[in-house]
Each structure stands twice: as C-alpha cells, then as structure tokens.
Amino acid sequence: MAAESSPKPRSESSSSPVNGGRTIDECQDMIQRSLRTPMVKFLKEHLEKAGCAFGENFIKAVHCDKQISGGYVRGEGIMVCSNHMNIQDEVNQVVIHELIHAYDDCRAANLDWANCAHHACSEIRAGHLSGDCHYKRELLRGYMKIRGHEQDCVRRRVMKSVIANPYCSEAAAKDAMEAVWDVCYNDTQPFDRAP
C-alpha cells in the first residue's frame, strides 16, 4: 500500500502488541533480518543507484490502527505494522512490496499518489514483482485456483489498495487498473524479468 497518508503510527509502549502481532522492538529486529535477504539487498542497491538515499530509519516498525500490513510514504519511508506481523516471511514481504513503491517513487519524478492510474501502476508492479501473489501464499489465504491465480491475485490486491486511496472511487480504481495493466504488469524494472 502506498499513499500520501501515513499508516497512522501510534507511539505506544514498544513492549505490548495489541491483538496479537509483534512488539515494535521484535518487528524492528525482524526488519533488520529482512535487510540481509537477497531480494531486499537487490532492491536497496537499485534504489540507491536510482539516486535515492536509504537512511538508517528508512524502514521502521510502528503500531497501526488500520488493518494494513505496512505502507510507503514519500519523504518518510516505509512503515511495517508490527501489530499485524507474526512471522519473518510476512515482514520480508511487506519490506519488498514497499521497496518497489519506493523505487517507483524514486525513478518517476512526476509520480502522483493521488492519481489513481499512477497508484494502480505501482501497486500492479509491487504485487507482481514482490512475490505477494505466489501460489503458496494464495493457498494459505484460501484461494485455490491453479491457472491464472497470479494475475487474479494482483488485480484483487491492487483494487483493495487503490480503493483505500481517498482520491479513488471503486470505479476510478478499476478503470485506472485496466488502463495501465499491460504496461505496468510488463514493467519489471529493476529486475530483468519478474522474479
């Protein structure tokens, strides 16, 4: 999820998760582990090659009131919602997904998160390139489709994210996603091909 609005972090005690999940401190440790994974290292390197700084606090654990796993906010960085994280793989996925948004924001000087087509394009790329829609993850979510599952998953997740954008109605989100689908789904930068 990428947008101009923040996931509304709360500065709660970092030792008490609410409704399950991890504490902020535990999640921060998981973020540090994710920074050592090959995919995160690759994206970090390409973000820096594109001319965008990746400072010490670029990715931080926060407590989120909304039912989201994280978000990227221009000028602030990536937030991982500690109270919605349980295992390392979830943290890795959020970090990878949000780094793709950060990369898009970095390489496109005119990216406007309030523009439904721009937002949809970055969500298509993040959903397709991050592994969010790998068939094993889809099975765990209860989606049992053998053929075409990946594109269906990307479409479903793009719609969920773009509809959450206050500038995009459901109809505008769907129209935007369809309008940019082919170009954005086939844009695999910084990868040579979809991982």
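Residues numbered from 1 in each chain as written. Predicted model: local features only at pLDDT ≥ 70, side-chain atom pairs only at ≥ 80, totals over all residues. Heavy atoms only, no water.

Taking an unreviewed UniProt entry as the reference, the protein is identified by name as Mitochondrial inner membrane protease ATP23 belonging to Melia azedarach.

Peer 1: Can you tell me about the pairing of strand β3 (residues 70–73), naming the residues and giving the values?
Peer 2: Here β3 shows two buried faces, one formed by G70 and Y72 and the other by G71 and V73. Across four bridges, the pairing between β3 and strand β4 (residues 77–81) is antiparallel. Each bridged residue has a counterpart across the sheet, and for G71 the counterpart in β4 is M79. The hairpin formed by β3 and β4 contains three residues between the paired strands, and G75 there has a positive phi angle of roughly 85 degrees. (Buried < 20%, exposed > 50% of the residue type's maximum accessible area, 1.4 Å probe, protein only. Helix = DSSP H or I, 4+ residues; strand = E, 2+ residues; numbered from the N terminus. Pairing = 2+ DSSP bridges.)

Peer 1: An account of the side chain of H128 is requested, with residue identities and associated values reported.
Peer 2: Its location among the elements puts H128 in helix α4 (residues 116–129). One polar contact links H128 to E150, side chain to side chain, over a distance of 2.9 Å. With sequence-adjacent residues up to four places away left out, H128 is seen in contact with E150, V154, Y185 and A194. (Polar contact = N/O pair within 3.5 Å; in protein donor to acceptor, adjacent residues only side chain to side chain. Contact = heavy atoms within 4.5 Å.)

Peer 1: Mind laying out the pattern of salt bridges, listing which residues take part and the relevant values?
Peer 2: All chains considered together, the criterion is met by ten salt bridges. Bridged by salt links that share partners, the residues D104, R107, R125 and D187 form one connected network. (Salt bridge = Lys/Arg side-chain N within 4 Å of Asp/Glu carboxyl O.)

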